[in-house]
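These are the residues of each chain, in order.
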Amino acid sequence: MHALIIGGAGYIGSHVVREFLDAGHAVAVYDNLSLGRTENLFPEATFVEADILDYDTLLAAMRTGIDAVVHLAAFKAAGESMEQPQKYALNNLNGTVNILNAALDAGVRNIIFSSSAAVYGEPTYIPIDEHHPCNPENFYGFTKLEIEYLLKWYDRLKGLRFAALRYFNAAGYDVDGRITGLENNPANLLPIVMEVAVGKRDKLQIFGDNYRTDDGTCVRDYVHVSDLAAAHVLACDYIHDNEVSLTVNLGSETGVSVKRVVEEARALTGKPIPVDVVGRRPGDPGKLAASAQKAKRNLGWKPRYSDVATLISSTWNVYRKNFPA
Ligand code: UFG
(Lines give C-alpha, C1' and ligand atoms only; values in the text may rest on other atoms or scores of the structure.)
Protein backbone atom coordinates (compact mmCIF):
# COMPACT_ATOMS: atom_id res chain seq x y z
CA MET A 1 0.00 0.00 0.00
CA HIS A 2 1.13 3.59 -0.68
CA ALA A 3 0.13 5.89 2.19
CA LEU A 4 0.14 9.69 2.32
CA ILE A 5 0.68 10.60 5.97
CA ILE A 6 -0.43 14.17 6.56
CA GLY A 7 1.14 15.56 9.72
CA GLY A 8 3.78 12.83 9.43
CA ALA A 9 6.59 14.97 10.88
CA GLY A 10 4.72 15.50 14.14
CA TYR A 11 4.94 13.61 17.39
CA ILE A 12 2.29 10.99 16.70
CA GLY A 13 2.64 11.25 12.91
CA SER A 14 6.32 10.31 12.90
CA HIS A 15 5.56 7.18 14.91
CA VAL A 16 2.80 6.31 12.43
CA VAL A 17 5.23 6.79 9.53
CA ARG A 18 7.74 4.48 11.25
CA GLU A 19 5.06 1.82 11.71
CA PHE A 20 3.89 1.97 8.07
CA LEU A 21 7.50 1.73 6.86
CA ASP A 22 8.21 -1.18 9.21
CA ALA A 23 5.12 -2.94 7.85
CA GLY A 24 6.59 -2.66 4.34
CA HIS A 25 4.36 0.12 2.97
CA ALA A 26 5.51 3.00 0.79
CA VAL A 27 5.06 6.34 2.54
CA ALA A 28 4.88 9.98 1.51
CA VAL A 29 4.86 12.54 4.33
CA TYR A 30 2.94 15.81 3.95
CA ASP A 31 3.58 18.40 6.66
CA ASN A 32 3.86 22.19 6.87
CA LEU A 33 6.44 21.87 9.67
CA SER A 34 4.50 24.32 11.86
CA LEU A 35 4.59 21.75 14.66
CA GLY A 36 6.35 18.92 12.85
CA ARG A 37 10.14 18.61 12.87
CA THR A 38 12.58 17.70 10.14
CA GLU A 39 14.42 15.41 12.63
CA ASN A 40 11.28 13.28 12.59
CA LEU A 41 11.51 12.56 8.85
CA PHE A 42 12.83 9.22 7.59
CA PRO A 43 14.88 8.92 4.41
CA GLU A 44 12.75 5.99 3.21
CA ALA A 45 9.69 8.25 2.98
CA THR A 46 9.27 11.06 0.44
CA PHE A 47 8.41 14.47 1.84
CA VAL A 48 6.18 17.32 0.69
CA GLU A 49 6.43 20.50 2.77
CA ALA A 50 3.05 22.15 2.38
CA ASP A 51 -0.09 23.20 4.18
CA ILE A 52 -3.41 21.38 4.17
CA LEU A 53 -5.09 24.66 3.19
CA ASP A 54 -3.15 24.51 -0.11
CA TYR A 55 -5.61 22.48 -2.15
CA ASP A 56 -3.58 22.19 -5.35
CA THR A 57 -0.51 20.79 -3.60
CA LEU A 58 -2.67 18.41 -1.60
CA LEU A 59 -4.34 17.15 -4.75
CA ALA A 60 -0.99 16.76 -6.54
CA ALA A 61 0.37 14.78 -3.56
CA MET A 62 -2.62 12.46 -3.67
CA ARG A 63 -2.33 11.94 -7.43
CA THR A 64 0.86 9.94 -7.06
CA GLY A 65 -0.72 6.51 -6.69
CA ILE A 66 -1.84 6.96 -3.09
CA ASP A 67 -4.11 4.18 -1.72
CA ALA A 68 -4.70 5.57 1.75
CA VAL A 69 -4.46 8.91 3.49
CA VAL A 70 -3.64 9.13 7.18
CA HIS A 71 -4.70 12.52 8.52
CA LEU A 72 -2.99 13.70 11.70
CA ALA A 73 -2.57 17.38 10.83
CA ALA A 74 -4.40 19.23 13.57
CA PHE A 75 -3.93 21.64 16.41
CA LYS A 76 -4.56 19.74 19.62
CA ALA A 77 -4.21 22.00 22.64
CA ALA A 78 -7.64 21.91 24.25
CA GLY A 79 -7.06 25.06 26.36
CA GLU A 80 -5.82 27.09 23.40
CA SER A 81 -8.81 25.97 21.32
CA MET A 82 -11.14 27.74 23.78
CA GLU A 83 -9.23 31.01 23.34
CA GLN A 84 -8.57 30.81 19.60
CA PRO A 85 -11.45 28.86 18.06
CA GLN A 86 -10.84 30.57 14.70
CA LYS A 87 -7.40 28.98 14.45
CA TYR A 88 -8.85 25.53 15.20
CA ALA A 89 -11.82 26.01 12.87
CA LEU A 90 -9.61 27.05 9.97
CA ASN A 91 -6.93 24.38 10.30
CA ASN A 92 -8.82 21.44 11.77
CA LEU A 93 -12.15 21.92 9.97
CA ASN A 94 -11.34 23.69 6.68
CA GLY A 95 -8.10 21.76 6.35
CA THR A 96 -9.97 18.48 6.68
CA VAL A 97 -12.60 19.50 4.13
CA ASN A 98 -9.70 20.13 1.73
CA ILE A 99 -8.18 16.73 2.48
CA LEU A 100 -11.45 14.89 1.93
CA ASN A 101 -12.28 16.77 -1.26
CA ALA A 102 -8.79 16.18 -2.62
CA ALA A 103 -9.09 12.48 -1.76
CA LEU A 104 -12.32 12.28 -3.75
CA ASP A 105 -10.84 14.23 -6.67
CA ALA A 106 -7.76 12.00 -6.68
CA GLY A 107 -9.76 8.79 -6.35
CA VAL A 108 -8.27 7.84 -2.94
CA ARG A 109 -10.78 5.58 -1.18
CA ASN A 110 -9.35 5.07 2.33
CA ILE A 111 -8.74 7.59 5.09
CA ILE A 112 -7.47 7.07 8.61
CA PHE A 113 -8.34 9.97 10.88
CA SER A 114 -6.80 10.94 14.23
CA SER A 115 -9.81 11.51 16.41
CA SER A 116 -9.76 11.89 20.16
CA ALA A 117 -11.39 10.87 23.41
CA ALA A 118 -12.09 14.61 23.65
CA VAL A 119 -15.23 13.91 21.56
CA TYR A 120 -16.84 12.35 24.65
CA GLY A 121 -16.46 15.22 27.11
CA GLU A 122 -17.18 14.57 30.79
CA PRO A 123 -17.85 10.84 31.04
CA THR A 124 -21.20 9.60 32.30
CA TYR A 125 -19.79 6.10 32.78
CA ILE A 126 -16.39 4.39 32.78
CA PRO A 127 -14.84 2.63 30.97
CA ILE A 128 -15.90 4.74 28.01
CA ASP A 129 -16.90 2.64 25.03
CA GLU A 130 -17.84 3.88 21.56
CA HIS A 131 -21.55 4.04 22.51
CA HIS A 132 -20.85 6.68 25.14
CA PRO A 133 -22.61 9.98 24.25
CA CYS A 134 -20.42 12.59 22.57
CA ASN A 135 -20.56 15.99 24.27
CA PRO A 136 -17.18 17.66 23.79
CA GLU A 137 -16.22 20.11 26.52
CA ASN A 138 -13.76 22.08 24.44
CA PHE A 139 -13.59 23.45 20.91
CA TYR A 140 -10.79 21.07 19.99
CA GLY A 141 -13.02 18.08 20.79
CA PHE A 142 -15.84 19.72 18.84
CA THR A 143 -13.63 19.93 15.72
CA LYS A 144 -12.81 16.22 16.01
CA LEU A 145 -16.48 15.29 16.36
CA GLU A 146 -17.53 17.48 13.43
CA ILE A 147 -14.93 15.75 11.28
CA GLU A 148 -16.28 12.36 12.32
CA TYR A 149 -19.74 13.49 11.09
CA LEU A 150 -18.20 14.71 7.87
CA LEU A 151 -16.49 11.37 7.37
CA LYS A 152 -19.78 9.51 7.84
CA TRP A 153 -21.50 11.67 5.22
CA TYR A 154 -18.65 11.33 2.72
CA ASP A 155 -18.74 7.59 3.23
CA ARG A 156 -22.50 7.48 2.71
CA LEU A 157 -22.57 9.84 -0.26
CA LYS A 158 -19.27 9.13 -1.95
CA GLY A 159 -18.04 5.79 -0.66
CA LEU A 160 -14.97 7.23 1.08
CA ARG A 161 -14.08 4.60 3.68
CA PHE A 162 -12.68 5.83 6.97
CA ALA A 163 -11.29 4.73 10.29
CA ALA A 164 -11.79 7.31 13.05
CA LEU A 165 -9.36 6.47 15.84
CA ARG A 166 -10.30 8.03 19.16
CA TYR A 167 -7.01 8.32 21.03
CA PHE A 168 -6.94 8.56 24.78
CA ASN A 169 -3.76 10.09 26.27
CA ALA A 170 -0.93 9.55 23.82
CA ALA A 171 2.48 9.30 25.52
CA GLY A 172 5.93 7.71 25.19
CA TYR A 173 8.46 7.55 22.35
CA ASP A 174 9.70 4.85 20.00
CA VAL A 175 11.37 2.30 22.29
CA ASP A 176 14.20 1.80 19.79
CA GLY A 177 15.10 5.49 19.98
CA ARG A 178 14.48 6.15 16.28
CA ILE A 179 12.36 9.25 16.91
CA THR A 180 13.95 12.03 18.89
CA GLY A 181 12.27 15.28 17.86
CA LEU A 182 10.63 16.94 20.86
CA GLU A 183 7.44 18.94 20.71
CA ASN A 184 7.83 22.70 21.09
CA ASN A 185 5.93 24.08 24.07
CA PRO A 186 4.34 20.80 25.08
CA ALA A 187 1.07 21.09 26.99
CA ASN A 188 0.72 17.45 28.08
CA LEU A 189 1.65 15.96 31.40
CA LEU A 190 4.52 13.62 30.58
CA PRO A 191 6.62 16.03 28.48
CA ILE A 192 6.14 18.68 31.16
CA VAL A 193 7.29 16.22 33.85
CA MET A 194 10.35 15.52 31.68
CA GLU A 195 11.09 19.22 31.26
CA VAL A 196 11.18 19.46 35.05
CA ALA A 197 13.42 16.39 35.24
CA VAL A 198 15.97 17.92 32.84
CA GLY A 199 15.82 21.30 34.60
CA LYS A 200 14.06 23.21 31.80
CA ARG A 201 11.24 24.04 34.23
CA ASP A 202 11.42 24.50 38.00
CA LYS A 203 8.44 22.42 38.96
CA LEU A 204 5.31 20.69 37.80
CA GLN A 205 1.99 22.25 38.64
CA ILE A 206 -0.48 19.55 39.57
CA PHE A 207 -3.92 20.78 38.57
CA GLY A 208 -5.96 19.79 41.62
CA ASP A 209 -5.65 17.04 44.23
CA ASN A 210 -9.23 17.04 45.47
CA TYR A 211 -10.81 14.88 42.77
CA ARG A 212 -12.77 11.80 43.77
CA THR A 213 -9.93 9.47 42.86
CA ASP A 214 -7.72 7.31 45.10
CA ASP A 215 -5.01 9.95 45.60
CA GLY A 216 -7.12 12.99 44.67
CA THR A 217 -5.34 13.71 41.36
CA CYS A 218 -6.81 13.15 37.90
CA VAL A 219 -6.71 9.69 36.40
CA ARG A 220 -6.06 9.21 32.68
CA ASP A 221 -5.68 6.35 30.26
CA TYR A 222 -2.17 6.70 28.81
CA VAL A 223 -1.46 4.80 25.63
CA HIS A 224 1.96 4.45 24.03
CA VAL A 225 2.35 6.31 20.75
CA SER A 226 3.81 3.22 19.03
CA ASP A 227 0.74 1.24 20.10
CA LEU A 228 -1.40 3.98 18.59
CA ALA A 229 0.73 3.90 15.47
CA ALA A 230 0.33 0.13 15.11
CA ALA A 231 -3.45 0.57 15.24
CA HIS A 232 -3.27 2.89 12.20
CA VAL A 233 -1.69 0.19 10.08
CA LEU A 234 -4.23 -2.38 11.29
CA ALA A 235 -7.12 0.01 10.69
CA CYS A 236 -5.88 0.80 7.22
CA ASP A 237 -5.76 -2.87 6.29
CA TYR A 238 -9.15 -3.44 7.93
CA ILE A 239 -11.12 -0.78 6.07
CA HIS A 240 -9.36 -1.62 2.82
CA ASP A 241 -9.87 -5.39 3.03
CA ASN A 242 -13.42 -5.33 4.45
CA GLU A 243 -14.61 -2.25 2.56
CA VAL A 244 -16.22 -0.82 5.69
CA SER A 245 -15.67 2.20 7.90
CA LEU A 246 -14.86 2.04 11.56
CA THR A 247 -14.83 4.23 14.68
CA VAL A 248 -12.80 2.90 17.60
CA ASN A 249 -11.28 3.92 20.90
CA LEU A 250 -7.56 3.44 21.43
CA GLY A 251 -6.57 3.32 25.07
CA SER A 252 -4.67 1.05 27.43
CA GLU A 253 -7.77 0.45 29.61
CA THR A 254 -5.65 1.36 32.63
CA GLY A 255 -6.19 4.45 34.75
CA VAL A 256 -3.09 6.21 36.06
CA SER A 257 -3.13 9.27 38.33
CA VAL A 258 -0.99 12.38 37.97
CA LYS A 259 0.73 11.61 41.29
CA ARG A 260 1.56 8.12 40.16
CA VAL A 261 3.12 9.46 36.94
CA VAL A 262 5.28 11.80 39.02
CA GLU A 263 6.32 9.06 41.47
CA GLU A 264 7.24 6.67 38.68
CA ALA A 265 9.11 9.42 36.85
CA ARG A 266 11.11 10.22 39.99
CA ALA A 267 12.01 6.58 40.41
CA LEU A 268 13.00 6.06 36.76
CA THR A 269 14.92 9.28 36.25
CA GLY A 270 16.46 9.60 39.71
CA LYS A 271 15.47 13.30 39.60
CA PRO A 272 13.54 15.04 42.37
CA ILE A 273 10.80 16.53 40.09
CA PRO A 274 9.34 19.12 42.48
CA VAL A 275 5.60 19.75 42.29
CA ASP A 276 3.14 22.41 43.37
CA VAL A 277 -0.49 21.53 43.76
CA VAL A 278 -2.55 24.33 42.25
CA GLY A 279 -6.24 24.74 41.44
CA ARG A 280 -8.11 22.51 39.02
CA ARG A 281 -7.76 23.20 35.30
CA PRO A 282 -11.16 24.09 33.83
CA GLY A 283 -12.72 21.28 31.81
CA ASP A 284 -10.56 18.51 33.31
CA PRO A 285 -12.64 15.41 34.08
CA GLY A 286 -11.52 13.58 37.24
CA LYS A 287 -11.22 10.25 35.57
CA LEU A 288 -11.01 8.92 32.01
CA ALA A 289 -10.50 5.33 31.01
CA ALA A 290 -11.21 3.62 27.72
CA SER A 291 -12.81 0.43 26.76
CA ALA A 292 -10.67 -0.64 23.81
CA GLN A 293 -12.52 -3.92 23.32
CA LYS A 294 -13.77 -2.94 19.88
CA ALA A 295 -10.25 -2.24 18.59
CA LYS A 296 -9.07 -5.52 20.06
CA ARG A 297 -11.95 -7.46 18.54
CA ASN A 298 -12.08 -5.86 15.10
CA LEU A 299 -8.45 -5.03 14.51
CA GLY A 300 -6.71 -7.62 16.65
CA TRP A 301 -4.97 -4.66 18.29
CA LYS A 302 -3.03 -5.24 21.48
CA PRO A 303 -1.06 -2.52 23.27
CA ARG A 304 2.54 -3.64 23.82
CA TYR A 305 4.25 -0.63 25.33
CA SER A 306 1.53 1.15 27.29
CA ASP A 307 2.66 0.23 30.81
CA VAL A 308 3.71 3.25 32.89
CA ALA A 309 7.37 2.22 33.11
CA THR A 310 7.78 1.96 29.33
CA LEU A 311 5.85 5.18 28.73
CA ILE A 312 8.15 7.07 31.06
CA SER A 313 11.47 5.40 30.26
CA SER A 314 11.02 5.76 26.48
CA THR A 315 10.24 9.47 26.95
CA TRP A 316 13.12 9.95 29.36
CA ASN A 317 15.57 8.43 26.86
CA VAL A 318 14.63 11.09 24.31
CA TYR A 319 14.78 13.94 26.82
CA ARG A 320 18.15 12.76 28.06
CA LYS A 321 19.47 12.82 24.49
CA ASN A 322 18.11 16.30 23.85
CA PHE A 323 19.31 17.70 27.18
CA PRO A 324 22.64 16.06 27.96
CA ALA A 325 23.65 16.67 31.57
N1 UFG B 1 -1.72 17.92 34.28
C2 UFG B 1 -1.17 18.54 35.39
N3 UFG B 1 -0.21 19.48 35.17
C4 UFG B 1 0.23 19.83 33.94
C5 UFG B 1 -0.32 19.18 32.80
C6 UFG B 1 -1.30 18.23 33.02
O7 UFG B 1 -1.55 18.27 36.52
O8 UFG B 1 1.09 20.71 33.84
C9 UFG B 1 -2.75 16.90 34.47
C10 UFG B 1 -4.08 17.30 33.88
O11 UFG B 1 -4.85 18.02 34.80
C12 UFG B 1 -4.68 15.95 33.53
C13 UFG B 1 -3.48 15.05 33.24
O14 UFG B 1 -2.35 15.74 33.79
O15 UFG B 1 -5.32 15.43 34.65
C16 UFG B 1 -3.25 14.86 31.77
O17 UFG B 1 -3.27 16.13 31.14
P18 UFG B 1 -2.87 16.35 29.64
O19 UFG B 1 -2.93 17.82 29.38
O20 UFG B 1 -1.60 15.66 29.34
O21 UFG B 1 -3.98 15.56 28.82
P22 UFG B 1 -5.57 15.68 28.83
O23 UFG B 1 -6.10 14.51 29.59
O24 UFG B 1 -6.04 17.02 29.22
O25 UFG B 1 -5.89 15.55 27.28
C26 UFG B 1 -5.23 14.59 26.44
C27 UFG B 1 -5.01 15.18 25.07
C28 UFG B 1 -6.33 15.46 24.43
C29 UFG B 1 -7.16 14.20 24.43
C30 UFG B 1 -7.28 13.62 25.81
C31 UFG B 1 -7.98 12.31 25.71
O32 UFG B 1 -4.23 16.36 25.16
O33 UFG B 1 -6.13 15.88 23.11
O34 UFG B 1 -6.01 13.43 26.36
O35 UFG B 1 -8.01 11.60 26.90
F36 UFG B 1 -8.39 14.47 23.99
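Residues numbered from 1 in each chain as written. Predicted model: local features only at pLDDT ≥ 70, side-chain atom pairs only at ≥ 80, totals over all residues. Heavy atoms only, no water.

### What to know about the packing of helix α1 (residues 11–22) against helix α7 (residues 225–242)
For the pair α1 and α7, the least separation of the axes is 8 Å and the interaxial angle reads 55°. As summarised for this structure, α1 and α7 are arranged oblique, according to the angle between their axes. With respect to the hand of their crossing, α1 and α7 are arranged in right-handed fashion. When α1 is examined against α7, the residues Tyr11, Ile12, His15, Val16, Glu19 and Phe20 are found in contact with a partner set consisting of Val225, Ser226, Leu228, Ala229, Ala230, His232, Val233 and Cys236. Within the contact of α1 with α7, the residues separate by chemical class into ten nonpolar, three polar and one charged. (Axes fitted to C-alpha atoms, helices over the stretch in contact; angles between N-to-C directions. Helix = DSSP H or I, 4+ residues; strand = E, 2+ residues; numbered from the N terminus. Parallel < 35°, antiparallel > 145°, perpendicular 65-115°, else oblique. Left-handed = near helix turned anticlockwise from the far one by under 90°. Contact = heavy atoms within 4.5 Å. Nonpolar A, V, L, I, M, F, W, Y, C, P; charged D, E, K, R; others polar.)

### Points about the domain arrangement of the chain
Splitting the chain by domain gives domain 1 (2–171 + 222–250) and domain 2 (189–220 + 253–322). In this structure, domain 1 and domain 2 have C-alpha centres spaced 24 Å apart. With 26 residues of domain 1 at the interface, the matching set in domain 2 holds 28 residues. For the pairing of domain 1 and domain 2, the buried interface totals around 2,300 Å² over both sides, and the portion due to carbon and sulfur atoms is 67%. When the area that domain 1 buries against domain 2 is broken down by residue, the three leading residues are Tyr222, His224 and Asp227, summing to 32%. Across the contact surface, domain 1 and domain 2 share zero salt bridges. There are ten residue pairs in polar contact (both at pLDDT 80 or more) connecting domain 1 and domain 2. (Domains from an automatic or database assignment. Buried area = accessible area lost by both parts, 1.4 Å probe. Salt bridge = Lys/Arg side-chain N within 4 Å of Asp/Glu carboxyl O. Polar contact = N/O pair within 3.5 Å; in protein donor to acceptor, adjacent residues only side chain to side chain.)

### Here's the deal with a nonpolar patch on the surface
Residues Tyr149, Trp153 and Leu157 make up a contiguous nonpolar surface patch of about 350 Å² in total accessible area. Tracing the backbone through its elements, the reader meets leucine 157 in helix α5 (residues 139–158). (Patch = residues over 30% accessible without salt bridge, like charges linked within 9 Å, V, L, I, M, F, W, Y side chains within 5 Å. Areas by Shrake-Rupley, 256 points an atom, 1.4 Å probe, with all protein chains shown as cover.)

### Remarks on the pairing of strand β2 (residues 26–31)
For β2, a buried count of five out of six residues is recorded, marking the element as mostly surrounded by other parts of the structure. Bridge count for strand β1 (residues 2–6) against β2 is five bridges, and the pairing is parallel. Across the sheet, the residue bridging to alanine 3 is valine 27, located in β2. Of the crossover connections in this fold, the one passing from β1 over α1 to the parallel β2 is right-handed. Judged from the four bridges that link them, β2 and strand β3 (residues 46–49) form a sheet pairing that is parallel. Residue pairing in the sheet places aspartate 31 in a bridge with glutamate 49 of β3. (Buried < 20%, exposed > 50% of the residue type's maximum accessible area, 1.4 Å probe, protein only. Pairing = 2+ DSSP bridges. Right-handed = clockwise from strand over helix to strand, strands pointing away.)

### What about the environment of glutamate 44?
Checked against the element boundaries, glutamate 44 lands in the loop between β2 and β3. Contacts of glutamate 44, omitting those with residues within four sequence positions, involve Arg18, Leu21 and Val27. A distance of 3.2 Å separates the side chain of glutamate 44 from the side chain of arginine 18, its partner in a polar contact.

### Remarks on the site of the ligand
The environment of the ligand is formed by 23 residues, the closest being Ser116, Asn169, Gln205, Arg220 and Asp284. In the environment of the ligand, an oxygen atom lies 2.9 Å from a nitrogen or oxygen atom belonging to the side chain of asparagine 188. Here an oxygen atom of the ligand sits 3.0 Å away from a polar atom, N or O, in the main chain of phenylalanine 207. For the ligand, the accessible surface in isolation is 680 Å², of which the surrounding protein chains cover 89%. (Near = heavy atom within 4 Å.)

### Quick notes on the nonpolar core
Membership of the largest hydrophobic core comes to 63 residues, with the highest contact counts inside it found for Ile5 and Phe20. Looking at this core, the element that brings in the most residues is α7, giving eight residues. Setting aside its immediate chain neighbours within four residues, isoleucine 5 contacts Gly13, Val16, Val17, Phe20, Val27, Ala28, Val29, Tyr30, Val70 and Leu72. Core analysis: the second largest hydrophobic core is formed by 26 residues, Ala28, Ala50, Ala61 and Val69 among them. (Core = buried A, V, L, I, M, F, W, Y, C linked by side-chain atoms within 4.5 Å.)

### A few points about the packing of aromatic side chains
Per the counting criterion, the structure on display carries five aromatic pairs. Ring geometry for phenylalanine 75 versus tyrosine 88: centroids 5.7 Å apart, planes at 55°, classification tilted. Of this pair, phenylalanine 75 sits in the loop between β4 (68–71) and α3 (78–83) while tyrosine 88 sits in helix α4 (residues 85–106), and the two are 13 residues apart along the sequence. Here the two residues phenylalanine 75 and tyrosine 88 agree in accessibility, since each one is buried. Look at phenylalanine 139 and phenylalanine 142: their rings are 5.2 Å apart centre to centre, the planes differ by 40°, and that puts the pair in the tilted class. A residue pair is termed a helical-turn pair when its members lie 3 or 4 positions apart in one helix, as phenylalanine 139 and phenylalanine 142 do in helix α5 at three residues. Of the residues examined, phenylalanine 139 reaches a relative accessible area of 21% and is grouped as partly exposed. (Phe/Tyr/Trp six-rings, centres within 6.5 Å; stacked < 30°, edge-to-face > 60°.)

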